[in-house]
Amino acid sequence: MTKLGEYLAKKSVNKSMIARKTGLSKARINELTMTDTSKLRLDEMYLIALAIDTNPCDMMNTLCEGLVLQEEK
């Protein structure tokens, strides 16, 4: 499961509802939540956040937690 999948599971949201509200296909939602190599686009994340009544910035901070810049050498 991806970070998005874990995030949505914690929120107890229905993926079919997200697909209906965002216009994303159920297959795409499943890919984003189950396939670690999938890449979540910004527009997709924004629409998903709106569909689940979540602040997109809060969602982004949660999904990107742990990312840091490389140190300069």
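The name an unreviewed UniProt entry assigns to the protein chain is Cro/C1-type helix-turn-helix DNA-binding protein, from the organism Sphingobacterium yanglingense.

Draft legend 1. Looking closely at the UniProt feature "domain: HTH cro/C1-type" (unreviewed entry) in the protein chain. UniProt records the feature "domain: HTH cro/C1-type" (unreviewed entry) for residues 3-61 in the present numbering. Segment residues 3-61 splits into 71% helix and 0% strand. End C-alpha atoms: 11 Å apart.

Draft legend 2. Representation of the environment of Thr 2 within the structure. Within the secondary structure layout, Thr 2 lies in the segment before α1 (3-11). Taking C-alpha positions, Thr 2 is 14 Å from Lys 15, a pair spaced 13 residues apart along the chain. In this structure Thr 2 touches Leu 32, Thr 33, Met 34, Thr 35, Asp 36 and Ser 38, once residues within four positions along its chain are discounted. A polar atom in the side chain of Thr 2 sits 2.7 Å from the backbone oxygen of Leu 32.

Draft legend 3. Highlighting the pattern of salt bridges. In total, this model carries four salt bridges according to the counting rule given. With a shortest N-O distance of 2.8 Å, Arg 28 and Glu 44 are connected by a salt bridge. Here the residue Arg 28 occupies a position in helix α3 (residues 26-34), and Glu 44 occupies one in helix α4 (residues 42-51), the gap between them amounting to 16 residues. Its relative accessible area of 18% is what places Arg 28 among the buried residues. Owing to a relative accessible area of 2%, Glu 44 belongs among the buried residues under this scheme. In this structure, the salt-bridge partner of Glu 44 is Arg 41, at a minimum N-O distance of 3.6 Å. Overlapping salt bridges, with partners in common, bring together Arg 28, Glu 31, Arg 41, Asp 43 and Glu 44 in one network.

Criteria and thresholds
Counting of residues starts from 1 at the beginning of each chain's written sequence and follows it residue by residue. For a predicted model such as this one, the threshold for reporting local features is a pLDDT of at least 70, and the threshold for listing and counting side-chain atom pairs is 80 or more; totals across whole chains, interfaces and linings nevertheless cover every residue. To get the side-chain values, all heavy atoms of the structure are used, and hydrogens and water are removed first. UniProt positions are given in the numbering used here, feature names are shortened, and annotations may be inferred rather than shown by experiment. Under the scheme used here, helices are H or I runs from DSSP no shorter than 4 residues and strands are E runs no shorter than 2 residues, and both carry numbers assigned from the N terminus. Residue contacts follow a heavy-atom distance rule, with two residues in contact if any of their heavy atoms lie within 4.5 Å. Polar contact is the term for a pair of N or O atoms within 3.5 Å; when the atoms are in protein, one must be able to donate a hydrogen and the other to accept it, and sequence-neighboring residues count only if both atoms are side-chain atoms. Salt bridges are identified by distance alone: a Lys or Arg side-chain nitrogen within 4 Å of an Asp or Glu carboxyl oxygen. Relative accessibility thresholds used throughout: buried, under 20% of the residue-type maximum; exposed, over 50%; partly exposed, between the two (1.4 Å probe, protein chains only).

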